Structures are given as structure tokens and as C-alpha cells.
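Below are the chains, spelled out letter by letter.
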Protein chains: 2
Amino acid sequence: MFHDEKNDILFGRGATDDKGPILGWLNVIEAHNKLGWELPVNLVVCFEGMEESGSLGLDELVAKEANNYFKNVDQCTISDNYWLGTTKPVLTYGLRGCNYYQIIIEGPGADLHSGIFGGIIAEPMTDLVKVMSTLVDTKGKIQIPGVYDMVAPLTEREDQLYDAIDFSLGELNAASGSETSLHDNKKDILKHRWRYPSLSLHGIEGAFSGAGAKTVIPAKVVGKFSIRTVPNIDSKKLDELVFKHINEEFAKLQSPNKFKVELIHDGNYWVSDPFNESFTAASKATQDVWNVVPDFTREGGSIPITLTFEKELGVDVLLLPMGRGDDGAHSINEKLDVSNYINGCKTLGGYLHYFSKA
Amino acid sequence: MFHDEKNDILFGRGATDDKGPILGWLNVIEAHNKLGWELPVNLVVCFEGMEESGSLGLDELVAKEANNYFKNVDQCTISDNYWLGTTKPVLTYGLRGCNYYQIIIEGPGADLHSGIFGGIIAEPMTDLVKVMSTLVDTKGKIQIPGVYDMVAPLTEREDQLYDAIDFSLGELNAASGSETSLHDNKKDILKHRWRYPSLSLHGIEGAFSGAGAKTVIPAKVVGKFSIRTVPNIDSKKLDELVFKHINEEFAKLQSPNKFKVELIHDGNYWVSDPFNESFTAASKATQDVWNVVPDFTREGGSIPITLTFEKELGVDVLLLPMGRGDDGAHSINEKLDVSNYINGCKTLGGYLHYFSKA
């Protein structure tokens, strides 16, 4: 880890994701030891450093140790996320899930020459593009009937949570490197990132994907897309709606080609109660350290282990971050501001004390 | 070249495309020399062996030598194609052209994570798939207004040419390795292969094209498609119709993404008069050798040099093949039946004699 003393920033692979937060918890324990203080809670720790490589074996370990090492745990806290922006601390209470699908269309036995077969063969690419074009509109609205019926209604209390959040359209534009936002105000942007589903078309396997001009008729094409899921979308019910819609759209084409749609993988959304004891304790600690009420945020992506802890231990989970939104997580120049590191340690310690009094 | 004596077939790279036909013309000259006969016509020969590598420099050479080496040539004959099937000789009088286009749609400055940006960014893939889905229907009918208005009407005389041609739906199914033909009878299949335009969607550059499930929002995608052109489609006018249609379809989307459509390359169709002196001479020679009236065929693909000779020398071109449709041109086990080789040589020689008397 390199300390840029001029700007008071720590640089290094994994500085913010997740070396800093891991050391933060160790610092809290060390400080209590040196001061001769009892920790205010019984702390059961789980240090794991391969989240970005799929946390192989962790799910099984948590399940196996639920009634041993993790027995009687009351609350789970994970420090593996970041602030939304660069100036205001956050507490994270939700993550979207992701169901990933593929549409497989097969025609001829091998790729064909479009000069010889164009116009006389039903082309799988034509079918696939037609079907994929029915999934989502250019405003980002999912066109598969029934999906939005499952989305939890927005309550007034939840709506108000978005008011205070420190975020702007300008920040989205800066992050995307464009002015192609589908929404023009903070609240709509955040709601569509966090609490509404979205559908992205990722690409096509089997078709020509190089530069230049290849006159091929691809024999077998596989269209990939995924849906980000939110409360209260039932994953299995979503699959059914997706399959039904795509089967109907393909049937309309009256194509002689072979067709299949399947789920590649799914992962459920997670959402917690931002008003529970744990979040309240973390909020108080944040106010003590940073002199500001933290934003209550969700994430659009997923941290799958969150759900595992919640489910296997039967406890609430809090995501308590240390770094900033511009730390460049996963990049070669990952950073962690020293102020975030020091104040982050203080927040973790304060959180334990407030939680013990709740 | 390996001679399979049991089946009397020559095997070897380029056996039919194009070593056999090249040697065939040399054999004709050698036979006349050995017999002490004058060739019945003044023969100007051009041997070129890199058609499959783009015939680099040949266009320029033909243009440069049009009034020198090729001066006063009356007729051009090329042996670079094959029979339609395996039993009946053909003479080829037409080739489709090919205009190749790409649609470029750009949104964010870099590829984005669909968890974080899905639902809040206008995705280029969504736009592209919508636009590509408007180009052709699943029956192979081009949906760009005005294209079919340019197609030459089918005359009764041309229609009758298809009656005699030796071809079947079964042969198409065998060639495509499927039962996905868009037409159920010989004449419709051949007309759509040879005399009607077709549009193929080849693929997308820039999107996810691998196996598995990558949750990317591609920042820039390039859709590729081509239109096979036929008489009397004007290539420039076709470009205008394509650009107009695609611009209108993109405008309908009201997308904030950047958009461009462009021609990558074009090559005109070619068609000759199958009733002219050259085709008549070749037909007589074929009848003498094979005891059957040849089929008059076109090809769905293109042999670009055909147009160059026609244009630069100002002469008619005849495509006079030697091999069969199942020779596996371009494959590692390319073949040429000895009967086709011997009878092919005879046909080339006979053609020169009949042509000299026309």
C-alpha cells in the first residue's frame, strides 16, 4: 500500500475493496485491547478475501457453521461496499438480484454463405433479433407482461428516504461518460437503479462479432439478456413470465427454426429494514464521527453472500461501508482516503457500542 | 493431386477451384498443337490464381491492358464456377451483387455494469436490436420500402428457363443440413437465390459474444447486414433507401444515443444474355459432349472479376464451369470427377469451334 502523503490517500490493489475495511475491524479490536476495554458485544468474525473470485466454499461453510461457529449470532454486518458519492457516508439496506437468460435459435446444420442461401433459408439471426426487440423499450421499460405487477409499491416513507440522498444527474453523467440518462432527476434515477427491475441485452453468441464485413448466415445464435430483480419479484414466477412471453413471440414468427429459452443463473434481491436497531446504531455512530446523518442507499448490483448470511443465520444484515464512490474498486489504482480509513474505523467501533445498548 | 482410381475422382486442394479448369484450357491448346490444328479463334488468355485472396491488382491490370494485351477481344469466358447439382452441366449468366452495411450506435463512454446502470442509461443494444428487427421479416421479405420496386419484372421467357433446371427442395435441404427452406418448390427457391434480392443480418460487433453470462452493457455496438442485389437495383439508390429507412426507424426510438449507418462495401450484380452467340456456342458444345441441353443458371453469390472484364473490355462474359456442385470448393478435400475433367476439356474446345462459326 502506497501512502500519497500530499493528498493523504492510500493507494494499492484492494485498498478499499477490501483490505481497508478488513483492517478496520482488526483496528477496533486492537484499540479495545490496548485500552483494556471489553468489547461491548460478542464479536464473531469471518474474514474472507476471495469475493471477487466467487467466494468458493463460503456458502457451504456458513451453512455448516450456522449452528457451531456462528451459533446465536444476533446480527450480521458486512463492510464490502462504498459510499454512493464522495462526500457523504451511507448505510446500505438493499441489493438487486439478477436472473440471466439465453435464447437459443438453431437453423441450418452449419454456417452458410449469404450469397448462396440468402433469401431461401429462414435465418436464425432474423428470428432472434425480432424476439429480443420485444423484451424492453428504448426508455428502459420491460415489455414482458406481468413483471411490474410483482414490484413492491413505493411507500411514502421509502420515497422520503430518497429526498436526502446526496446524488445528482451530473454525477450519473460523469460516471457513464455520456448524457444518455433515461431520467432527468435524482429520485427517478436512484429508484430505477435500486428499487425497480431493469432488463439489459448483453449480446449474441454465434453470430459474426468481428470487425469488417463477413457474409455469413450464422447457423446457431444465442441471445443473452438479464433482468435485475427487486422486492417482491418472485424469481420462479419471473422465469415463467419470461418463458411465456418469449415462447409467444417466437410462435408469432412461424419460423421453421429450432428454439429454446433458458435461465443461465439467478440470484435473489436482498433488502433489509433501514429503521431496525442495527441501522439505527450505525446511523448514530456515523453522526458522531462524520457530523452528518448518513444516506440510506441500496445497490443496483449484488453481493451474493449477503443473502447467504441472512438466510443461514436467520439474522438481519447491515452493509456498513468504509470507502468512497470514486475509489475505483477493482481497478489497478484502487484508493482509500486516509480520512475514510480513520473515520471508518471509528464508525465501526461506535457502531458496536450503540448496538450493544439497543 | 491424388487420383482415386476406384471412383475415378481427382482429389486435392483447388482441384475444381481452379486447377482443373485452368489445366483444361491448357489441354485444349496442347491438343490443337499436337494435332497440328489451328485454333479456331484468336485466344487471349489470363491465368490468375488468387481469386480467393481478393485478386489483388487484377482489376488494375485488366483496366491497364484493355487497349494493349486485351485489345479487340470479342468475348470473355471464365471457368470459375460449378454445376448447380451433380448430374447436369450448366452455363451461368448471372450473379447477384452485394451491398454491405453497418449500423453504429454509441452511448456511454465505456462498457458499464448492468447492475449499476441497468434501468437508468439508454442502452445501445436495445436501440440496435429494435432497428435491426425492422429490416427483414422472418419469411425473408425485405422491409425497407422501395427495394422491390427496382427489381426487374420476371418475363415469361425467363420464367420458362427455370422449368428445365435440375434442382429440388431435397437438394437445398441436403445443402443446408436442415428443413428450414423459405419456399417449397424448385422455381421459387431458384428465383429467390438468383433473381430476387435478400437481406441477411450477420452479427453485432462490440456486444458480448462469448459463452456464459457476462453482465455488461456494451457502450458501442455495430450491427452488420448485407443486401444481395439483382437487376435492376441501382446500388446508390439502394443505399439511399437503406439510409432513409434506418434513420427513420432510429428517430422513432427517440434515443439519446449517437447513431450512424454506413455502407462498408458494394459490388454490383451481373447478368448476361443467355441467348447470345457465346451461350449458344457453349450450349451446342455441351450437348455434343454430354448429350443434354445444359441448364442456364445464375449464382446467388458473386465473382467480382466478371464485372471488371465486362466493363473494361466492353464485351459479353460467359461463365463456363467444369466441376460439379458437390466438389466441395474451398474445402480440404476438394474433388474433381475425372469425367468432368475430360468432358470439360472437350466442352471448352468445342465451345471455341462453335463460337468461331457464329
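No experiment lies behind these values; they were computed from the predicted model shown.

1. So, the overall build of chain A
Then comes step 1: Within chain A, the regular secondary structure consists of eleven helices and 14 strands.
Then comes step 2: Taking the principal axes of its C-alpha atoms as reference, chain A extends roughly 85 × 45 × 40 Å.
Then comes step 3: Across the 358 residues in chain A, those meeting the buried criterion constitute 54%.
Then comes step 4: Relative to all contacts within chain A whose residues are 6 or more apart in sequence, the contacts with residues 24 or more apart total 78%.
Then comes step 5: Of the charged side chains in chain A, 34 are positive and 50 negative, and the gap between their average positions amounts to 3 Å.

2. A closer look at the interface of chain A and chain B
Then comes step 1: Across the contact, 75 residues belong to chain A and 75 residues belong to chain B.
Then comes step 2: At the boundary of chain A and chain B, one finds zero salt bridges.
Then comes step 3: On the surface where chain A and chain B come into contact, there are 44 residue pairs in polar contact (both at pLDDT 80 or more).
Then comes step 4: Residue composition of the side of chain A that touches chain B, grouped by class: 31 nonpolar, 32 polar and twelve charged.

3. Thoughts on the nonpolar core
Then comes step 1: Counting 63 residues, the largest nonpolar core has A:Ile103, A:Phe225, B:Ile103 and B:Phe225 as its most contacted members.
Then comes step 2: Among residues more than four places away in sequence, those in contact with A:Phe225 are A:Asn99, A:Tyr100, A:Tyr101, A:Ile103, A:Leu135, A:Leu199, A:Ser200, A:Leu201, A:His202, A:Val242 and A:Ile246.
Then comes step 3: The next biggest cluster of nonpolar side chains, apart from the first, holds 39 residues, and it includes A:Trp25, A:Phe167, B:Phe117 and B:Ile217.

4. Here's the deal with the relation of the copies chain A and chain B
Then comes step 1: Least-squares fitting of chain A to chain B yields an RMSD of 0.1 Å, with the superposition described by an axial translation of 0.1 Å and a rotation of 180°. Taken together, the rotation angle and the small translation identify this as a two-fold axis. Residue A:Val129, judged by its C-alpha, is the member of chain A lying nearest the rotation axis, at 2.9 Å.

5. Focus on the pairing of strand 7 (residues 198-205) of chain A
Residue and element names in this part refer to chain A.
Then comes step 1: In terms of residue burial, strand 7 counts as a mostly covered element, since seven of its eight residues are buried.
Then comes step 2: In this structure, strand 7 lies alongside strand 9 (residues 220-229), joined through seven bridges in antiparallel fashion. The residue of strand 9 that forms the bridge with Leu 201 is Phe 225.

6. Topic: the sheet that holds strand 7 (residues 198-205) of chain B
Residue and element names in this part refer to chain B.
Then comes step 1: Ordered in space as 7-9-5-10, the four strands form an open sheet in which the pairing is antiparallel. Of all the strands in the sheet, just strand 7 and strand 10 (258-267) have a single pairing partner and so form its edges. Strand-to-strand twist across the sheet, computed as the mean angle between neighbouring axes with direction ignored, equals 20°.
Then comes step 2: As defined by bridge partners, strand 5 (residues 97-106) adjoins strand 10 across nine bridges and the pair is classed as antiparallel.

7. Notes on the sheet that holds strand 9 of chain A
All names here are of chain A.
Then comes step 1: Reading across the sheet, the four strands line up as 7-9-5-10 and stay open at both edges, with antiparallel pairing between neighbours. Two strands in the sheet have a free side with no partner beyond their single neighbour: strand 7 and strand 10 (258-267). Strand-to-strand, the axes of this sheet are offset by a mean angle of 20°, without reference to chain direction.
Then comes step 2: For strand 5 (residues 97-106) and strand 9, the ladder comprises ten bridges, and the chain directions are antiparallel. By the bridge assignment for strand 9, Cys 98 is matched with Arg 228.
Then comes step 3: Taken strand by strand, helix 8 (residues 235-253) contacts strand 5, strand 9 and strand 10, and its axis lies near 160° from that of strand 10.

8. Concerning the domain arrangement of chain A
Residue and element names in this part refer to chain A.
Then comes step 1: Domain boundaries assigned for chain A yield domain 1 (2-95 + 270-357) and domain 2 (97-152 + 195-267).
Then comes step 2: Here the C-alpha centroids of domain 1 and domain 2 sit 38 Å apart.
Then comes step 3: Between domain 1 and domain 2, the contact holds six residues from the first and four residues from the second.
Then comes step 4: Interface area, domain 1 with domain 2, both sides summed: about 390 Å², of which 53% is carbon and sulfur.
Then comes step 5: In this structure, the connection of domain 1 to domain 2 is made through zero salt bridges.

9. Notes on the pattern of salt bridges
Then comes step 1: Tallying each qualifying case throughout the model produces 30 salt bridges over all chains.
Then comes step 2: Residue B:Arg298 is joined to B:Glu158 by a salt bridge in which the shortest nitrogen-to-oxygen separation is 3.3 Å. Highlighted residues: B:Arg298 in strand 12 (residues 295-299) and B:Glu158 in helix 5 (residues 156-163), separated in sequence by 140 residues. Both residues of the pair, B:Arg298 and B:Glu158, count as buried.
Then comes step 3: Several salt bridges share partner residues, and in doing so they unite A:Arg324, A:Asp326, A:Asp327, A:Lys335 and A:Asp337 into one network.

10. Observations regarding the packing of helix 4 (residues 124-132) of chain B against helix 8 (residues 235-253) of chain B
Residue and element names in this part refer to chain B.
Then comes step 1: Closest axis-to-axis distance for the helix 4/helix 8 pair is 10 Å, and the angle between their directions is 135°. Classed by the angle they form, the pair helix 4 and helix 8 counts as oblique. In terms of crossing hand, the pair formed by helix 4 and helix 8 is right-handed. Contact with helix 4, carried on its side by Asp 127, Lys 130 and Val 131, involves Ile 246, Phe 250 and Leu 253 of helix 8 and no other residues of that element.
Then comes step 2: Across the contact of helix 4 with helix 8, the residue classes tally to four nonpolar, no polar and two charged.

11. Quick notes on the packing of helix 2 (residues 58-65) of chain A against helix 10 (residues 305-313) of chain A
All names here are of chain A.
Then comes step 1: Orientation of helix 2 relative to helix 10, taken along the N-to-C sense of each, is 15°, at an axis distance of 9 Å. In terms of their interaxial angle, helix 2 and helix 10 are classed as roughly parallel. Every pair of crossing elements has a handedness; the one defined by helix 2 and helix 10 is right-handed. For the pair helix 2 and helix 10, contact is made by Leu 58, Asp 59, Val 62 and Ala 63 and by Ile 305, Thr 308, Phe 309, Glu 312 and Leu 313, respectively.

12. Some points on the packing of aromatic side chains
Then comes step 1: Summed over the entire model, instances satisfying the criterion amount to 18 aromatic pairs over all chains.
Then comes step 2: Relative to A:Phe259, the ring of A:Phe250 has its centre 4.2 Å away and its plane inclined at 10°; by these criteria the two rings are stacked.
Then comes step 3: Given the relative accessible area of 10%, A:Phe250 is considered buried.
Then comes step 4: Ring geometry for B:Tyr101 versus B:Phe225: centroids 5.3 Å apart, planes at 25°, classification stacked.

13. Here we look at helix 4 of chain B
Then comes step 1: For helix 4 of chain B, a buried count of nine out of nine residues is recorded, marking the element as mostly surrounded by other parts of the structure.
Then comes step 2: Buried within helix 4 of chain B we find B:Pro124, B:Met125, B:Thr126, B:Asp127, B:Leu128, B:Val129, B:Lys130, B:Val131 and B:Met132.
Then comes step 3: Close packing links the buried residues of helix 4 of chain B with helix 4 (124-132) and strand 7 of chain A together with strand 5, strand 7, strand 9 (220-229) and helix 8 of chain B.

14. Considering the UniProt feature "domain: Peptidase M20 dimerisation" (unreviewed entry) in chain A
Then comes step 1: UniProt tags residues 100-251 of chain A as "domain: Peptidase M20 dimerisation" (unreviewed entry).
Then comes step 2: Between the C-alpha atoms that bound residues 100-251 of chain A there is a distance of 22 Å. The span itself is 36% helix and 19% strand.

15. Some remarks on the environment of B:Trp25
Residues and elements named next belong to chain B.
Then comes step 1: Following the sequence through the fold, Trp 25 ends up in helix 1 (residues 15-35).
Then comes step 2: Spatially, the C-alpha atoms of Trp 25 and Val 136 are 44 Å apart, while their sequence positions differ by 111 residues.
Then comes step 3: Residues within four places of Trp 25 in sequence aside, it is in contact with Phe 47, Thr 77, Ser 79, Leu 348, Tyr 351 and Leu 352.

16. A closer look at helix 10 (residues 304-313) of chain B
Residue and element names in this part refer to chain B.
Then comes step 1: What helix 10 keeps buried is the set Ile 305, Thr 306, Thr 308, Phe 309 and Leu 313. Seen from one end, helix 10 has its buried residues packed into an arc of 165°, which puts them on one side. Seen from the open side of helix 10, the exposed residues pointing more than 90 degrees away from its buried face are Pro 304 and Lys 311.
Then comes step 2: Where the residues of helix 10 are buried, they touch helix 2 (58-65), strand 3 (75-78), strand 4 (90-95), strand 11 (270-271) and strand 13 (316-319).
Then comes step 3: Looking one or two residues past helix 10, Gly 314 carries a phi angle of roughly 65°, positive in sign.

Conventions used here
Residues numbered from 1 in each chain as written. Chains lettered and ligands numbered in written order. Predicted model: local features only at pLDDT ≥ 70, side-chain atom pairs only at ≥ 80, totals over all residues. Heavy atoms only, no water. Helix = DSSP H or I, 4+ residues; strand = E, 2+ residues; numbered from the N terminus. Buried < 20%, exposed > 50% of the residue type's maximum accessible area, 1.4 Å probe, protein only. Contact = heavy atoms within 4.5 Å. Lys, Arg positive; Asp, Glu negative; His and termini not counted. Charge placed at Lys NZ, Arg CZ, Asp CG, Glu CD. Salt bridge = Lys/Arg side-chain N within 4 Å of Asp/Glu carboxyl O. Polar contact = N/O pair within 3.5 Å; in protein donor to acceptor, adjacent residues only side chain to side chain. Nonpolar A, V, L, I, M, F, W, Y, C, P; charged D, E, K, R; others polar. Core = buried A, V, L, I, M, F, W, Y, C linked by side-chain atoms within 4.5 Å. Least-squares fit on C-alpha atoms with pLDDT ≥ 70 in both. Pairing = 2+ DSSP bridges. Axes fitted to C-alpha atoms, helices over the stretch in contact; angles between N-to-C directions. Domains from an automatic or database assignment. Buried area = accessible area lost by both parts, 1.4 Å probe. Parallel < 35°, antiparallel > 145°, perpendicular 65-115°, else oblique. Left-handed = near helix turned anticlockwise from the far one by under 90°. Phe/Tyr/Trp six-rings, centres within 6.5 Å; stacked < 30°, edge-to-face > 60°. UniProt positions renumbered as here; feature names shortened; annotations may be inferred. Arc of directions from axis to C-beta.

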